[in-house]
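For reference, the chains in residue letters:
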Amino acid sequence: MSRDDSIELQGTVTEVLKGGLFRVETDTGHFVLAHMAGKMRRFRIRVVLGDQVTVAVSPYDPSRGRITFRAR
């Protein structure tokens, strides 16, 4: 599966977990366990509790995803 096949969702970080994982509540009310995308780690973009983020979710497993953008 390529990155183009993912579904983009908007949400809020509700919990910061160990190992670089985040629990994100989407605007639709679902919870997604997400990690940061490689470009965000490379450029040291910080994600903290309460941030508005964009999560790329796989259509095969909608409970896990990748944080691709942090809103200012």
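Further up the page is the structure itself.
Definitions and limits used
- Residues numbered from 1 in each chain as written.
- Predicted model: local features only at pLDDT ≥ 70, side-chain atom pairs only at ≥ 80, totals over all residues.
- Heavy atoms only, no water.
- Pairing = 2+ DSSP bridges.
- Helix = DSSP H or I, 4+ residues; strand = E, 2+ residues; numbered from the N terminus.
- Salt bridge = Lys/Arg side-chain N within 4 Å of Asp/Glu carboxyl O.
- Buried < 20%, exposed > 50% of the residue type's maximum accessible area, 1.4 Å probe, protein only.

> Looking at this model, I keep getting lost on the pairing of strand β5 (residues 64-70). Mind explaining?
Where a strand is regular, its side chains alternate between the two sheet faces. Relative to β5, strand β3 (residues 31-36) runs parallel, the two being bridged by four bridges. Note that in β5 the partner of Leu33 across the bridge is Arg64. Of the pairings in the sheet, the one linking strand β4 (residues 52-57) to β5 comprises five bridges and is antiparallel in character. By the bridge assignment, Ala56 is partnered in β5 with Arg66.

> Quick question: what am I supposed to make of the pattern of salt bridges here?
Close approach of charged atoms allows side chains with opposite charge to pair. Here the structure, examined in full by the defined rule, presents one salt bridge. With a closest N to O distance of 3.3 Å, Glu15 and Arg23 form a salt bridge. A residue is classified by how much of its surface remains accessible, and Glu15, at 35% relative accessible area, is partly exposed. Among the residues examined, Arg23 registers a relative accessible area of 29% and is labelled partly exposed.

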